[in-house]
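This is what each chain is made of:
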Amino acid sequence: TETLWIFPTNSWVPFLKIINALHVVRHEFFFRNRFQADVIVANNPTIAGLLGYLIALRYGRPLNIHIGYNPLSFSYARRSLPNMLRAVFALLMVRYAHTLTVVSEGTEHAVTRLYRSFADHVTLIPRYIDIDAIQALEATENVHAKYPQFRAIILVASPVSRGQNIEVAIQSIKELSEYYSH
């Protein structure tokens with residue numbers, strides 16, 4: 001589209017990403033001596049959030065942070081030391097956003113529980129899956145023939161991570177099979 005601009009920073013090392021991105025902003029986002037972006041959107045509350053905050057602060061624009069995973073959950077933070085540091089950093093960066101977009105109700109509840117003032121500034125935007133297009137696809141393989149030992153087979157389209165709640169899908173099938181047992 002004409003309103004979406006993507007400029008790669010081509011950073012060789014991670015700590016140069018912010019410097020290279022600020023360079024791109026200074027040289028590419030100005031037209032007739034005016035900063036052309038109306039809102040700054042950061043794709044995560046960590047490094048992109050810091051960069052978005054610096055740009056929003058410098059040019060006086062509102063900052064929206066998109067949270068695609070829940071860095072505020074205990075299970076995320078306890079997986080590793082880098083995750084714990086990301087979680088602490090995310091807690092700090094979320095406070096500087098004007099609005100937040102999240103992909104799950106769990107993340108929405110975690111943010112509004114920690115920051116009550118954000119209750120009206122958090123928008124839930126679930127990941128989009130075109131169910132009609134998937135249902136219209138022609139099956140190339142008969143999964144019931146491949147796995148005859150299972151009565152019900154469920155398709156989970158997500159990364160294999162704790163935050164995606166694959167356990168809920170499996171538990172649902174278990175409960176349904178007990179309820180509708182033959």
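In the block above lies the structure referred to throughout.
Residues numbered from 1 in each chain as written. Predicted model: local features only at pLDDT ≥ 70, side-chain atom pairs only at ≥ 80, totals over all residues. Heavy atoms only, no water.

1. As for the packing of aromatic side chains
Then, in step 1: With the rule as written, the count across this model stands at three aromatic pairs.
Then, in step 2: Taken together through their ring pairs, the aromatic side chains of Phe 29, Phe 35 and Tyr 59 make up a single cluster.
Then, in step 3: Its end group placed over the ring of Tyr 96, Arg 95 keeps NZ or CZ at 5.9 Å from the ring centre. (Phe/Tyr/Trp six-rings, centres within 6.5 Å; stacked < 30°, edge-to-face > 60°. Lys NZ or Arg CZ within 6 Å of the ring centre and 35° of its normal.)

2. Quick look at the nonpolar core
Then, in step 1: Counting 27 residues, the largest nonpolar core has Phe 35, Ile 65, Leu 100 and Val 111 as the members making the most contacts within it.
Then, in step 2: Mapped by element, the contributors of at least two residues to this core are helix H1 (17-28), strand S3 (40-42), helix H2 (47-59), strand S4 (63-67), helix H4 (81-94), strand S5 (99-102) and helix H5 (105-114). (Core = buried A, V, L, I, M, F, W, Y, C linked by side-chain atoms within 4.5 Å. Buried < 20%, exposed > 50% of the residue type's maximum accessible area, 1.4 Å probe, protein only. Helix = DSSP H or I, 4+ residues; strand = E, 2+ residues; numbered from the N terminus.)

3. Remarks on H2
Then, in step 1: Its 13 residues place the ends of H2 18 Å apart at the C-alpha level, agreeing with the 18 Å of an ideal helix rising 1.5 Å per residue.
Then, in step 2: Gly 49, Leu 51, Gly 52, Ile 55, Ala 56 and Tyr 59 are the residues of H2 that are buried. Projected down its long axis, H2 carries its buried residues within an arc of 160°, all on one side. Among the exposed residues of H2, those pointing more than 90 degrees away from its buried face are Leu 57 and Arg 58.
Then, in step 3: Each element contacted by the buried residues of H2 is listed here: H1, strand S1 (30-31), strand S2 (34-35), S3, S4 and H4.
Then, in step 4: Phi turns positive, to about 65°, at Gly 60, one or two residues after H2. (Expected span 1.5 Å × (residues − 1). Arc of directions from axis to C-beta. Contact = heavy atoms within 4.5 Å.)

4. Concerning the pattern of salt bridges
Then, in step 1: Within this structure, the stated rule accounts for one salt bridge.
Then, in step 2: The partner of Glu 141 in a salt bridge is Lys 146, with the nearest N and O atoms 3.2 Å apart.
Then, in step 3: Accessibility expressed as a relative area gives 46% for Glu 141, which makes it partly exposed.
Then, in step 4: Judged by relative accessible area, Lys 146 falls into the partly exposed class, the value being 46%. (Salt bridge = Lys/Arg side-chain N within 4 Å of Asp/Glu carboxyl O.)

5. What to know about H1
Then, in step 1: The terminal C-alpha atoms of H1 lie 16 Å apart, and with twelve residues this matches the ideal 16 Å at 1.5 Å per residue to within 8%.
Then, in step 2: Looking at H1, one finds that the buried residues are Ile 18, Ala 21, Val 24 and Val 25. All buried residues of H1 lie within an arc of 120° about the axis, which places them on one face of the element. Residues of H1 that are exposed and point over 90 degrees away from its buried face: Ile 19 and His 27.
Then, in step 3: In this structure, the buried residues of H1 make contact with S1, S2 and H2.

6. Overview of the packing of H1 against H2
Then, in step 1: Packing of H1 against H2 leaves a shortest axis separation of 11 Å and a crossing angle of 35°. For H1 against H2, the interelement crossing comes out right-handed. Between H1 and H2, the residues in contact are Ile 18, Ala 21, Leu 22, Val 25 and Arg 26 and Ile 47, Leu 50, Leu 51, Leu 54, Ile 55 and Tyr 59, respectively.
Then, in step 2: For the contact of H1 with H2, the per-class residue count stands at ten nonpolar, no polar and one charged. (Axes fitted to C-alpha atoms, helices over the stretch in contact; angles between N-to-C directions. Left-handed = near helix turned anticlockwise from the far one by under 90°. Nonpolar A, V, L, I, M, F, W, Y, C, P; charged D, E, K, R; others polar.)

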